[in-house]
Amino acid sequence: MRKRLLAALTCSMMVLVTGCGNDDMTVLTPNGPALIKDDGSGSSNSVSTKATQKTTTTTKTDTKKSSGSSDLVHVGFAQVGSESDWRLAQTDSMKSTFTEGNGYQFDFVDCNNDQQKQVETIQKFIDDKVDYIVLDPIVEDGYDDVLKKAQDAGIPVIVVDRNISASDSLYTCWVGSNFVKEGEDAAKWLKEYLASEGRDSESLNIVTISGTTGASAQLGRSEGFNNNMAGNWTLLDEQSGDFNEDGGRAVMTAFLAQYDDIDVVVCQNDNEAYGAIDAIQNAGKSCGPNGDMIMISFDATKGGFERMVAGEINVDVECNPLEGPLVSELIQKLEKGETVDKIQYVEEGVYPADTAADIIDSRAY
Ligand code: GYE
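Residues numbered from 1 in each chain as written. Predicted model: local features only at pLDDT ≥ 70, side-chain atom pairs only at ≥ 80, totals over all residues.

**A closer look at the overall build of the protein chain**
Counted only if it meets this: Starting at the N terminus, helices and strands are each numbered in turn, a helix being any DSSP run of H or I of at least four residues and a strand any DSSP run of E of at least two. Partly exposed residues are those falling between the two cut-offs: more than 12 but fewer than 20 other C-beta atoms within 10 Å of their own, whereas 20 or more means buried and 12 or fewer means exposed, with C-beta atoms placed from the backbone. In this description, any two residues whose backbone-derived C-beta atoms lie within 7 Å of each other are considered to be in contact.
Tallying secondary structure elements over the protein chain gives 12 helices and 16 strands in all. Taken over 365 residues, the protein chain has a buried fraction of 49%. Residue pairs at least 24 apart in sequence account for 75% of intrachain contacts in the protein chain once pairs closer than 6 positions are excluded.

Written as structure tokens, this is what we have:
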């Protein structure tokens, strides 16, 4: 019964996402399906789910629940929290995918940005004998022990969005964004923008409001941007706004009190940018294409686009939260014993403010 449901679901979702018979992995993007790429390092990153399937099959037998829900695939999702618009869009994508109608029993836990709670949540999923654990790790480190326990219990773990430092032998696969590339893209855009404005020889002072410290989204965006700064740029300061609006406001207020010569503000997500814009305006200053400061943001949510149309953000580097259908597709492949790529990146773009008005209505999140 469970197998039949999944077979039907697999085909209908493949049609929705890629069309049946297409071997490329795709995901819904804000503007339609786009190719998912692996990390390019070849087949060593593919996991033969023959082995995984062996484990999964054992797990299914072992974990059959007496509650009568055994027809459904039981998925536990340990979500980071609800700190941003991006996060809410990702939660919506997961919740609207992992429905009973689609053949799932879905346990969703908001871990409130508390890693201890997230580790306990994974342990609870193991105790509950779920079929799959989906983990969006708050920070990179500290999951090794609990992932080993999941492995010992024969429960496949799919890591989404942010990365972890644990050995990749401890999880089945990872799907998410290339955060280093996002940071590089921001630096590249700034260089090109300055050149187009005839400002490329100007000395620039930059402040960065970073995301949650130790989260791969923070580490990657900082690395990608900081390693690609031009010789005449100075990073005055970098402080965490914890990926939320209040954090962005507080950090920007402190920066404005400390530095009177800021040229560029890099906010590592849109919600931090909203808070930072508030702080800048409250200080009687402005940001955006015609403002006193250049404002760079990440995520490219609808709210970010609105701020670009309003002239407050210069560029928004996209990060795609619509991961539910892809994670479901992976689970269905694993259920059927098919091979999934170990590492997959979702495709993302860069949106300068002058493109925002034309694109905003097509944004899905
Ligand atoms: O950029 C931010 C969220 O992990 C990519 O987390 C995600 C980041 C996203 O809070 O808005």
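Now that the structure has been shown, the text picks up again.
**Thoughts on helix α5 (residues 144–152)**
Our working definition: Directions from the helix axis toward the C-beta atoms define the arc.
Three or more residues of α5 are buried, namely Val146, Leu147 and Ala150. Mapping the buried residues of α5 onto a view down its axis gives an arc of 100°, with all of them on the same face. For α5, exposure combined with an orientation more than 90 degrees from the buried face picks out Asp145 and Asp152. Just downstream of α5 lies Gly154, where phi reads positive at about 75°.

**What to know about the site of the ligand**
Our working rule: Each residue receives a C-beta atom placed from its backbone. It is near a molecule or strand if this atom lies within 6 Å of it. In this classification, the charged set is Asp, Glu, Lys and Arg, the nonpolar set is Ala, Val, Leu, Ile, Met, Phe, Trp, Tyr, Cys and Pro, and all remaining amino acids, among them Gly, are polar. Those domain boundaries reflect an automatic or database domain assignment.
As a structural note, the neighbourhood of the ligand is formed by 13 residues, with Ser84, Trp86, Ala217, Phe243 and Asn269 the closest of them. For the shell around the ligand, the secondary structure elements donating two or more residues are α3 (85–97) and β12 (294–299). Of the residues in the shell around the ligand, the class split is five nonpolar, three polar and five charged. When residues of the shell around the ligand are sorted by domain, at least three fall in each of domain 1 (2–176 + 321–348) and domain 2 (180–319).

**Re the environment of Ala217**
Summarising the element assignment, Ala217 is placed in helix α7 (residues 216–226). Through-space distance from the C-alpha of Ala217 to that of Cys319 is 9.8 Å; in sequence the pair is 102 residues apart. When sequence neighbours within four positions are dropped, the list of residues in contact with Ala217 reads Arg162, Phe179 and Gly211.

**What to know about the environment of Asn226**
Structurally, Asn226 is set in helix α7. Exposure remark for Asn226: the 16 C-beta atoms within 10 Å place this residue in the partly exposed category. As a C-alpha pair, Asn226 and Thr208 span 18 residues in sequence and 9.8 Å in three-dimensional space.

**Examining the packing of helix α8 (residues 245–258) against helix α9 (residues 270–282)**
Heads up, the condition is: Angular values range over 0 to 180 degrees, each being the angle between N-to-C directions of two axes fitted as lines to C-alpha atoms, with helices fitted over their stretch in contact. Roughly parallel means an angle under 35 degrees; roughly antiparallel means over 145; roughly perpendicular covers 65 to 115; every other angle is labelled oblique. Handedness of each helix crossing follows the sense of rotation of the near helix against the far helix: counterclockwise by less than a right angle gives left-handed, clockwise gives right-handed.
The contact between α8 and α9 brings their axes to 6 Å, and the two run at 40°. Here α8 lies oblique to α9, going by the angle between them. Viewed along their axes, α8 and α9 form a crossing whose handedness is right-handed. Facing Glu245, Asp246, Gly247, Gly248, Arg249, Met252, Thr253 and Leu256 of α8, the residues of α9 in contact are Asn271, Glu272, Ala273, Tyr274, Gly275, Ala276, Asp278, Ala279 and Ile280. Partitioning the contact of α8 with α9 into residue classes produces seven nonpolar, five polar and five charged.

**What about the packing of helix α4 (residues 115–127) against α5?**
Viewed as axis vectors pointing N to C, α4 and α5 meet at an angle of 10°, and their least axial separation amounts to 10 Å. Taken as axis vectors, α4 and α5 run roughly parallel relative to one another. Every residue of α5 that contacts α4 at Val119, Ile122, Gln123 and Ile126 is listed here: Val146, Lys149 and Ala150. Residue composition of the contact of α4 with α5, grouped by class: five nonpolar, one polar and one charged.

**Side note on unusual backbone geometry**
A positive phi angle, near 70°, is found at Asp161, a position not held by glycine. Note that Asp161 resides in strand β7 (residues 157–161). Accessibility expressed as a C-beta count within 10 Å gives 26 for Asp161, which makes it buried. Here Ala300, not a glycine, exhibits a phi torsion of approximately 60°, which is positive. Looking at the secondary structure, you find Ala300 in the loop between β12 and α10 (302–309). Judged by the 28 C-beta atoms lying within 10 Å of it, Ala300 is buried.

**Regarding the confidence of the model for the protein chain**
Stated precisely, the cut-off is as follows: Known as pLDDT, the predictor's confidence for each residue is given on a scale from 0 to 100.
On average, residues of the protein chain score 85 in pLDDT, and 81% of them are at 70 or above. At the level of individual helices and strands, the protein chain shows its lowest average pLDDT in helix α2 (residues 49–63), which scores 31, and its highest in strand β11 (residues 264–267), which scores 99. The low-confidence segment residues 1–68, where pLDDT is below 50, has 112 contacts with residues more than four positions distant or belonging to other chains.

**Thoughts on the environment of Trp233**
Position of Trp233 relative to the elements: it lies in strand β10 (residues 233–240). Residue classification places Trp233 among the buried positions, given that 20 C-beta atoms sit within 10 Å. For the pair Trp233 and Val264, spaced 31 residues apart in the sequence, the C-alpha separation amounts to 9.6 Å. In this view, Trp233 contacts Leu204 and Ile206; residues no more than four positions away in its chain are not counted.

**A word on the sheet that holds strand β16 (residues 350–352)**
Rules: Only strands that DSSP links by at least two bridges are regarded as paired with each other.
Spatial strand order, β10-β9-β11-β12-β13-β16: six strands in an open sheet with mixed pairing. The two strands at the open ends of the sheet, each matched to only one other strand, are β10 and β16. Averaged over all pairs of adjacent strands, the angle between strand axes in this sheet comes to 15°, irrespective of strand direction. Together, β9 (204–210), β10 and β11 form the strand contacts of α8, whose direction differs from that of β9 by roughly 150°.

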